[in-house]
Amino acid sequence: PGDWGWSSGTTATDTESHKGLKAAGSVTLTGGTFTVDAADDAIHSNGTISIAGGTYSLSTGDDGIHADSTLTIEEGTIDILTSYEGLESESVTVAGGNIRLKSSDDGLNATSGSGTMPGQGDGSSTLRITGGTLYVDADGDGIDSNSTIFIEGGTTLVCGPTSSGNGALDYDGTCTITGGVLIATGSRGMAQTPGSDSSQASLFVTYSASQAAGTLLALTDADGNPIAAFSPAKSYQTVLISAPDLKTGESYTLYTGGTGGGTQTNGLYTAYTPGEKLTDVTLSDMVTSI
């Protein structure tokens, strides 16, 4: 060190990291191809992460993508093959892109990391979905916020937990749906529905017994057109459906089984041949439960 003019006693040390791509400040990704297999977070920032393009294949023993402050995804193809939690930040915004993720705990988690007890909330965490295509396979909560959830657009499919200690949708503050398609299946014990102050209607169905993985569920309008035709990859006892075509005061028909047709994306079909009719239902409010 003396040959380089360093002051006496100065040492430089490296700390081993198990993260894939990380920054102390911000991470901005606009393109490229990334394949990460990491013991810790695949992509991590102590500040903010912005993804506006690129192709990502991520495997991790912790979070797929984690930002302490703000995580924003506008474009890109993101495949989180394994993770503890898929997307995590105090503020999570999905505005576009094609995202598939598998998590052993929460799929999307908006948290300040303040360590609040379940049900207390932290008052600052926000999870917002305004566009894109999002598929979540979570053993914990599918979509979780310690404060607020806003769903305003996009297509979100959740194959949530099979155990009663978690829910496909979980929030400690409020959840408002004003647009987009949301189909969330999961267990019964901790299931939640959106708030009644939403401007887009939702149907919440509880089955008397768990439905086997792959059992097609469908909701059609009065003319037989499918509002939702979805084949969940995991067993389920509840399903939440919200879509722009759902209107209060109108009647719909719920089916099980049958055959999906047309284009299939993440188990969601654009066409449907009816199976067993379960019931007709008229939406009486912004959130109707049967």
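Numbering of residues begins from 1 in every chain and follows the order in which that chain's sequence is written. Totals for whole chains, interfaces and linings use all residues, but because this is a predicted model, local features are given only for residues with pLDDT of at least 70 and pairs of side-chain atoms are given and counted only at 80 or more. The basis for every side-chain value is the complete set of non-hydrogen atoms in the structure, without hydrogens or water.

**Notes on the overall build of the protein chain**
Now for step 1: Check the secondary structure of the protein chain and you find zero helices and 26 strands.
Now for step 2: In terms of overall dimensions, the protein chain is globule-like: its C-alpha atoms have a radius of gyration of 21 Å, near the 19 Å expected for 290 residues.
Now for step 3: If one aligns the C-alpha atoms of the protein chain with their principal axes, the spans along those axes are about 85 × 40 × 30 Å.
Now for step 4: Looking at the protein chain as a whole, 50% of its 290 residues are labelled buried.
Now for step 5: Contacts between residues were defined by any pair of non-hydrogen atoms, one from each residue, lying within 4.5 Å. Pairs at least 24 apart in sequence give 46% of the contacts found in the protein chain among residues at least 6 apart.
Now for step 6: Here the open area of atoms and residues is found with the Shrake-Rupley method and a 1.4 Å probe, where only the protein chains shown may cover a residue. For the protein chain, the computed accessible surface area is about 12200 Å², with 46% contributed by carbon and sulfur atoms.
Now for step 7: One finds the centroid of the 9 positive side-chain charges in the protein chain at a distance of 6 Å from the centroid of its 33 negative side-chain charges. Only runs of H or I of at least four residues qualify as helices and only runs of E of at least two qualify as strands under DSSP, and these elements are numbered from the N terminus. Our radius of gyration is a C-alpha quantity, and the globule rule it is checked against amounts to 2.2 Å times the number of residues to the power 0.38. Throughout, exposure labels follow a simple rule: accessible area from a 1.4 Å probe, protein chains only, divided by the maximum for the residue type, with under 20% read as buried, over 50% as exposed, and the rest as partly exposed. Residues counted as positive are Lys and Arg, residues counted as negative are Asp and Glu, and His and the chain ends are not counted. One atom stands in for each charge, and that atom is NZ of Lys, CZ of Arg, CG of Asp or CD of Glu.

**Remarks on the sheet that holds strand β8 (residues 85–89)**
Now for step 1: Spatially, β1-β4-β6-β8-β11-β14-β16 is the arrangement adopted by the seven strands of the open sheet, whose pairing is parallel. The open sheet has two free edges, formed respectively by β1 (21–23) and β16 (169–171), since each of these has just one partner strand. Strand-to-strand twist of the sheet, defined as the mean angle between neighbouring strand axes without regard to direction, takes the value 10 degrees.
Now for step 2: We call two strands paired when DSSP finds no fewer than two bridges between them. Bridge count for β1 against strand β4 (residues 43–45) is three bridges, and the pairing is parallel. Within β4, the residue paired with L21 across the bridge is I43. The axes are straight lines fitted to the C-alpha atoms, using for helices just the contacting stretch, and the angles between their N-to-C directions are given from 0 to 180°.

**Regarding unusual backbone geometry**
Now for step 1: Notably, N266 is not glycine yet its phi reads approximately 55 degrees, a positive angle.
Now for step 2: Position of N266 among the secondary structure elements: in the loop between β23 (259–265) and β24 (268–273).
Now for step 3: Overall, the relative accessible area of 17% leaves N266 in the buried class.

**Observations regarding the side chain of N109**
Now for step 1: Relative to the assigned elements, N109 resides in strand β11 (residues 108–110).
Now for step 2: Judged by relative accessible area, which is 6%, N109 ranks as buried.
Now for step 3: Nitrogen and oxygen atoms within 3.5 Å of one another constitute a polar contact, given that in protein one can donate a hydrogen and the other can accept it, and given that sequence-neighbouring residues count only through two side-chain atoms. At 2.8 Å, the side chain of N109 forms a polar contact with the side chain of E88.
Now for step 4: Excluding residues within four positions of it along the chain, N109 makes contact with E85, L87, E88, S89, V92 and D144.

**Focus on the pattern of salt bridges**
Side chains that carry opposite charge are capable of pairing whenever their charged atoms lie near each other.
Now for step 1: Here, a salt bridge means any Lys or Arg side-chain nitrogen found within 4 Å of an Asp or Glu carboxyl oxygen. Counting across every chain of the model gives seven salt bridges.
Now for step 2: Here D137 makes a salt bridge to K102, at a shortest N to O gap of 3.5 Å. Taken together, the residues D137 in strand β13 (residues 133–138) and K102 in strand β10 (residues 98–103) connect sequence positions 35 residues apart.
Now for step 3: A salt bridge links K234 to D139, with the nearest nitrogen and oxygen atoms 3.3 Å apart. With K234 in the loop between β20 (226–230) and β21 (236–242) and D139 in the loop between β13 and β14 (143–145), the pair connects residues that are 95 residues apart, well separated along the chain.
Now for step 4: For D139, a relative accessible area of 34% puts it in the partly exposed group.
Now for step 5: Three or more residues joined by partner-sharing salt bridges are found here, namely K102, D137, D139 and K234.

**Here we look at the confidence of the model for the protein chain**
Now for step 1: As a per-residue measure, pLDDT reflects the predictor's confidence and takes values from 0 up to 100. Put simply, the protein chain has an average pLDDT of 93, and 92% of its residues get 70 or more.
Now for step 2: Overall, residues 1–12 carries pLDDT values under 50, and its contacts beyond four positions in sequence, including any with other chains, amount to one contact.

**Quick notes on the pairing of strand β19 (residues 217–220)**
Now for step 1: Side-chain alternation along β19 places L217 and L219 on one buried face and A218 and T220 on a second face that is also buried.
Now for step 2: Bridge count for β19 against β20 is four bridges, and the pairing is antiparallel. Looking across to β20, one finds that T220 is bridged to P226.
Now for step 3: Linking two consecutive strands that pair antiparallel, namely β19 and β20, is a turn of five residues; a positive phi of about 85 degrees is found at G224 within it.
Now for step 4: Here four bridges tie β19 to strand β22 (residues 251–256), and the two strands are oriented antiparallel to one another. The residue of β22 that forms the bridge with T220 is T253.

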